[in-house]
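Architecture at a glance
Here is how the chains run, residue by residue.
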Amino acid sequence: MSFEPAPFTSGETVSIVVEIYRHAAGWKVRAVGQGYDTGLAGLAADYGINVEG
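Keep in mind the model is a prediction, meaning the values are calculated, not measured.

**Topic: the overall build of the protein**
Broken down by element type, the protein carries one helix and two strands. Helices and strands in the protein line up, N terminus first, as β-β-α. What you see for the protein is a C-alpha radius of gyration of 13 Å, clearly larger than the 10 Å of a compact globule of 53 residues, by over 25%. In terms of overall dimensions, the protein has C-alpha extents of about 40 × 25 × 10 Å along its principal axes. The buried share of the protein, reckoned over its 53 residues, is 15%. A separation threshold of at least 6 residues defines the contact pool for the protein, and within that pool the share at least 24 residues apart is 29%.

Quick look at the structure:
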């Protein structure tokens, strides 16, 4: 299996390509391919982190 995220087309400067997480007794990998045009602050905000700048 392979995964190729779409090219940046909307001014994204940060992207999440894969997520790696624990499930039961093992590890899982999930393809994401999500971009943020708001940079690291936008990524952090999606995960509930308040970044002042």
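Moving on, there is more to tell.
**Here we look at a nonpolar patch on the surface**
Judged by side-chain polarity, Phe3, Val17, Val18, Ile20, Trp27 and Val29 come together as a nonpolar surface patch covering roughly 620 Å² of accessible area. Among the elements of the structure, strand S1 (14-23) and strand S2 (26-36) are those that each provide at least two residues to the nonpolar patch. With three residues, S1 is the single largest residue contributor to the nonpolar patch. Mapped onto the elements of the fold, Trp27 is located in strand S2.

**Regarding the pattern of salt bridges**
The tally for this structure, following the rule as stated, stands at one salt bridge. Residues Glu19 and Arg30 are paired through a salt bridge, measuring 2.4 Å at the closest nitrogen-oxygen approach. Pair noted here: Glu19 is in strand S1 and Arg30 is in strand S2, with a separation of eleven residues, a long-range link. Under the relative-accessibility criterion, Arg30 is labelled partly exposed at 44%.

Criteria and thresholds
- Residues numbered from 1 in each chain as written.
- Predicted model: local features only at pLDDT ≥ 70, side-chain atom pairs only at ≥ 80, totals over all residues.
- Heavy atoms only, no water.
- Helix = DSSP H or I, 4+ residues; strand = E, 2+ residues; numbered from the N terminus.
- Rg over C-alpha atoms; globule rule 2.2 N^0.38 Å.
- Buried < 20%, exposed > 50% of the residue type's maximum accessible area, 1.4 Å probe, protein only.
- Contact = heavy atoms within 4.5 Å.
- Patch = residues over 30% accessible without salt bridge, like charges linked within 9 Å, V, L, I, M, F, W, Y side chains within 5 Å.
- Areas by Shrake-Rupley, 256 points an atom, 1.4 Å probe, with all protein chains shown as cover.
- Salt bridge = Lys/Arg side-chain N within 4 Å of Asp/Glu carboxyl O.

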